[in-house]
Amino acid sequence: MKKHALSSFLLLSALLVAGCGGYKAYMGLHGPSIRNTPDVHENVSLDQECLECHHPDRETDAPKPRHYKFTGCLKCHNEA
Ligand code: HEC
Ligand code: HEC
């Protein structure tokens, strides 16, 4: 009985963490791919280029990720 309770607890916390949008990037998960929006993302590849639109200080209508200080944006945002 005790063992069952423990594993439920672990499963529940895992789900809670995973469901908490905004922190997934910090767990190393991959994000939405820029290939879904080729109209805005054609010919961009460098982090600097990404941040020209996605840096929080920029006044653009691009979404501003909390993890803008990450490097290698395409490692996580270039899924086929
Ligand atoms: C370790 C993987 C990883 C890296 C590196 C990464 N991201 Fe993300 N990104 C994510 C994940 C996961 C999401 C999904 C949203 C979430 O839950 O945080 C996301 C979401 C986004 C979004 C959608 C807006 C939002 O807040 O939901 C933008 C825009 C974005 N990232 C831009 C960038 C840029 C620009 C860089 C490089 C400076 C970058 N990302 C680097 C994983 C990453
Ligand atoms: C010319 C400005 C611009 C540049 C440069 C740019 N983006 Fe974006 N990005 C946008 C805009 C605008 C959106 C919102 C598009 C939409 O929702 O239709 C967006 C959306 C996103 C999203 C969310 C996509 C989704 O499906 O929710 C991610 C992730 C993202 N960009 C990552 C990047 C990365 C990584 C780079 C660099 C390789 C980059 N962007 C370069 C303007 C830009």
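This brings us to the overall build of the chain. Assigned secondary structure in the chain consists of 4 helices and 0 strands. Residues classed as buried in the chain amount to 2% of the 80 residues present. At a minimum sequence separation of 6, the contacts of the chain that also span at least 24 residues come to 61%.

Around ligand 1 sit 23 residues in total, of which Lys24, Ala25, Gly31, Cys73 and Cys76 are the nearest. Residue assignment for the shell around ligand 1 shows that the elements contributing at least two residues are helix 3 (47-54) and helix 4 (73-77).

Take valine 40: it is sitting in helix 2 (residues 38-41). In the structure, valine 40 is positioned 22 residues away from alanine 62 in sequence and 9.5 Å away in space, judged by C-alpha atoms.

A few words now on the site of ligand 2. Every one of the 20 residues lining ligand 2 counts as a neighbour, but Pro32, Cys50, Cys53, Ala62 and Cys73 are closest to it. A per-element tally of the shell around ligand 2 places helix 3 first, with 5 residues. Partitioned by chemical class, the residues of the shell around ligand 2 number 10 nonpolar, 7 polar and 3 charged.

This paragraph deals with unusual backbone geometry. Phi angles above zero are rare outside glycine, and asparagine 43 is one such case at about 65°. If you trace the backbone, asparagine 43 turns up in the loop between helix 2 and helix 3.

In this section: the environment of asparagine 36. Here asparagine 36 lies in the loop between helix 1 (2-19) and helix 2. Look at asparagine 36 and you get exposed, because 9 C-beta atoms sit within 10 Å. Taking the C-alpha atoms as reference, asparagine 36 lies 8.7 Å from alanine 80; in sequence the two are 44 residues apart.

Overall, the prediction assigns the chain a mean pLDDT of 86, with 88% of residues at 70 or greater. When mean pLDDT is taken per element in the chain, helix 3 scores highest with 97 and helix 1 scores lowest with 72.

Basis of the calculations
Residues numbered from 1 in each chain as written. Chains lettered and ligands numbered in written order. Predicted model: local features only at pLDDT ≥ 70, side-chain atom pairs only at ≥ 80, totals over all residues. Helix = DSSP H or I, 4+ residues; strand = E, 2+ residues; numbered from the N terminus. Buried ≥ 20, exposed ≤ 12 C-beta atoms within 10 Å, placed from the backbone. Contact = placed C-beta atoms within 7 Å. Near = placed C-beta within 6 Å. Nonpolar A, V, L, I, M, F, W, Y, C, P; charged D, E, K, R; others polar. pLDDT = per-residue confidence, 0-100.

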